[in-house]
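Residue-level listing of the chains:
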Amino acid sequence: YLKKLCFTPGRIVELLEALEAMAKDNQPIPPRAMILSRKYRTLVSSWIEPLQEEAELGYEIDYIARYVAEGGLTGDRKRWVPRRGKTPLDPDAEGFIYSNPRETSFKQRCLEEWRLHHRKLLKTLHNEGPSILGKISESDYIRLVERLRKIIKGPEQNALKPKAASKMIVSELKEELEAQGLPTDGTRNVLYQRVQKARRINRSRGRPLWVPPVEEEEEEVDEELDELISRIKLHEGNTEFWKRRFLGEGLNENHVQQSEIIDLEPTDVVDDTDDAVDDISKEAEDDEAEDDEAQDEEEEVEQAESQPEVGDRKDKEVEAAKPLQMIGVQLLKDSDQTASSSRKSRRRLSRVAAVDDDDDDWFPLDIQEAFVEMRKRNIFDVSDMYTITDAWGWTWEKEIKNKAPQRWSQEWEVELGIKVMTKVIELGGTPTIGDCAVILRAAVRAPMPSAFLNILQTTHSLGYVFGSPLYDEIITLCLDLGELDAAIAIVADLETSGIKVPDETLDRVISARQSSDTPVNGSQ
């Protein structure tokens, strides 16, 4: 259950709630839930992007030593999948380990929930009309709809493709080689061959091809539009609201007045309907020409009798099309049958339609009048709206779905990562050094200097030590951000844990401390 929450849907908030429930019941975390992924990450960090990359530990990993330690030389090292061509074994079989399902990042799940929520808002806005926004101009309404559609579309998912090596200049070839740690010396032909070979190797090993980094554009915050969006309320599953709406209590005059903003104008509807009527008349003329000569006399008599009825029917269709006052399901059924039947069957249907003019399927176009008509005919009663959910009071799930989801942020992701790691340790689990490094790297991207010390202390308590370049990067980042106290606290924790701090790093911290104390002493 824990792996299912973490890997497939990326539901980390629910994962944290499940871990807290286990802590209340004094249940240790099972070893099966702490299974490693292919990148040596557990459920502590397997949901943090980038997913399919191994963590940066600050030093080069000795893959041969790790292979030997896992039993590669003695044959005890477990494989992820059975060999090709062999009968597939059970994952619990000896010699094999679990292959984790395809992971879904927490960020992608949050973005998907954000899009789905705004899709519901846009649908509600189209159904309810601008009246739910209060007094709003047409330009603001158009801006609001464009903003909702932009959020629903989401960021551009077009995967960046690398430029063809034959069209790259020398500087671009060197940039790609340098990013992958490959030599950049030689002529352009040598660089071209080297880039092509590197790409072939990456394709064969299933690695993503290198592309130049692209800076993400920060989304502009429009407080006015955000305030307008907050006015749209979702009432899915709210039986009391829909009961009042059915009784006509929640509607007002502004609900009907949407002609200024609706894209389709009434004239377009009238033109389309007139074209449909003309098509029907043309079909009737074609059918008349195809009739046999033996039935001419009989048809002339019947045509004289039924001509007024056909004319009345056309008049009814045009009259119903221009103002759009009535909706007739029977009229639609009649028109479908007339398009595929012969002329005699159409005349019979016209007679039936003329006799049964007050059909029960006719409803007024106005929503209030339609509700009144439904109550008069007892087609739908208010008591039919209540479900088992309302009877037992299980409406909390619908209420949660109607609330706006929390927007993803790097800071929130780091906070959840720290909480999950702490809770796993309390339950007896042991995160890997890769888990700690991934959470630390996420805090660097935020950046969150306040979380650096907490993550490092947890890492050192587990007996893990990062490489010196990673510590130096963190301390330098704290100094650049003006967080001198955080840098000093990290240096103190490193010395307490017995980790040697480079002299250059200590000199930078001391000089920053002296420069911050100099203005104070001068003023005194």
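This text goes with the structure placed above it.
Once a new chain begins, its residue numbering starts again from 1 and follows that chain's sequence as written. Predicted model: local features are reported for residues with pLDDT of at least 70 only, side-chain atom pairs are reported and counted for 80 or more only, and whole-chain, interface and lining totals are derived from all residues. Values reported for side chains reflect all heavy atoms of the structure, with hydrogen atoms and water molecules removed beforehand.

Student: Would you explain the nonpolar core in this entry?
Tutor: In a soluble, globular protein the nonpolar side chains are often hidden away together inside. Within this scheme, the nonpolar core is defined by two criteria: the residues are buried Ala, Val, Leu, Ile, Met, Phe, Trp, Tyr or Cys, and they are joined through side-chain atoms within 4.5 Å. Relative accessibility under 20% of the residue-type maximum defines a buried residue, over 50% an exposed one, and the middle range a partly exposed one, all with a 1.4 Å probe and only protein chains included. Residues Leu2, Leu19, Ile29, Leu43, Phe452 and Phe466 are the most contacted members of the largest nonpolar core, which totals 57 residues. Think of it this way: any DSSP run of H or I at least four residues long counts as a helix, any run of E at least two long counts as a strand, and we number them from the N terminus. When residues of this core are traced back to their parent elements, those giving at least two are helix H1 (2-6), helix H2 (12-24), helix H4 (106-128), helix H17 (410-426), helix H18 (433-445), helix H19 (449-461), helix H20 (468-480) and helix H21 (484-496). With 9 residues, the top contributor of residues to this core is H18. Taken domain by domain, this core gets at least three of its residues from each of domain 1 (2-51) and domain 3 (410-516). The domain limits used here are those given by an automatic or database domain assignment.

Student: Could you clarify how one ought to interpret the layout of surface pockets in this entry?
Tutor: The probe, sized like a water molecule, is rolled over the atoms to show the empty space still left. The calculated volume of the second largest pocket comes to roughly 780 Å³. Those elements that place two or more of their residues in the lining of the second largest pocket are H2, H4 and helix H16 (396-402). Per element, the largest residue contribution to the lining of the second largest pocket is 7 residues, and it comes from H4. Classification used: nonpolar for Ala, Val, Leu, Ile, Met, Phe, Trp, Tyr, Cys and Pro, charged for Asp, Glu, Lys and Arg, polar for all others including Gly. Residue composition of the lining of the second largest pocket, by class: 10 nonpolar, 3 polar and 8 charged. Here a cavity denotes grid points, spaced 1 Å and computed from the protein atoms alone, that fit a 1.4 Å probe unable to get out, and a pocket denotes an open set having protein on both sides within 12 Å along at least 5 of 7 lines; residues with an atom within 4 Å of a point are the lining. Grid points are joined across faces, edges and corners, and a volume is the space filled by probe spheres set on the points.

Student: It is not clear to me how H21 should be interpreted in this structure. Could you clarify?
Tutor: Note: α-helices contain 3.6 residues per turn, so residues at a spacing of three or four share the same orientation. Here the expected span of a helix is defined as 1.5 Å times the quantity of residues minus one. Helix length check: H21, at 13 residues, gives a terminal C-alpha distance of 18 Å against a target of 18 Å (1.5 Å per residue), a fit within 8%. Among the residues of H21, Leu484, Ala486, Ala487, Ile490, Val491, Asp493 and Leu494 are the ones counted as buried. At the C-terminal side of H21, Gly498 shows a positive phi close to 80 degrees.

Student: So what exactly am I meant to see when it comes to a nonpolar patch on the surface here?
Tutor: Residues form patches when they are more than 30% accessible in relative terms and have no salt bridge. Like charges link within 9 Å. Nonpolar side chains (Val, Leu, Ile, Met, Phe, Trp, Tyr) link within 5 Å. Note on areas: Shrake-Rupley with a 1.4 Å probe; residue coverage comes only from the protein chains shown. A side-chain nitrogen of Lys or Arg and a carboxyl oxygen of Asp or Glu constitute a salt bridge if their distance falls within 4 Å. On the surface, a cluster of nonpolar side chains totalling about 680 Å² of accessible area is made up of Ile388, Trp392, Trp394, Trp396 and Ile400. Residue assignment for the nonpolar patch shows that the elements contributing at least two residues are helix H15 (388-392) and H16. Along the chain, Trp392 turns up in helix H15. On the accessibility criterion, Trp392 (61% relative accessible area) is exposed.

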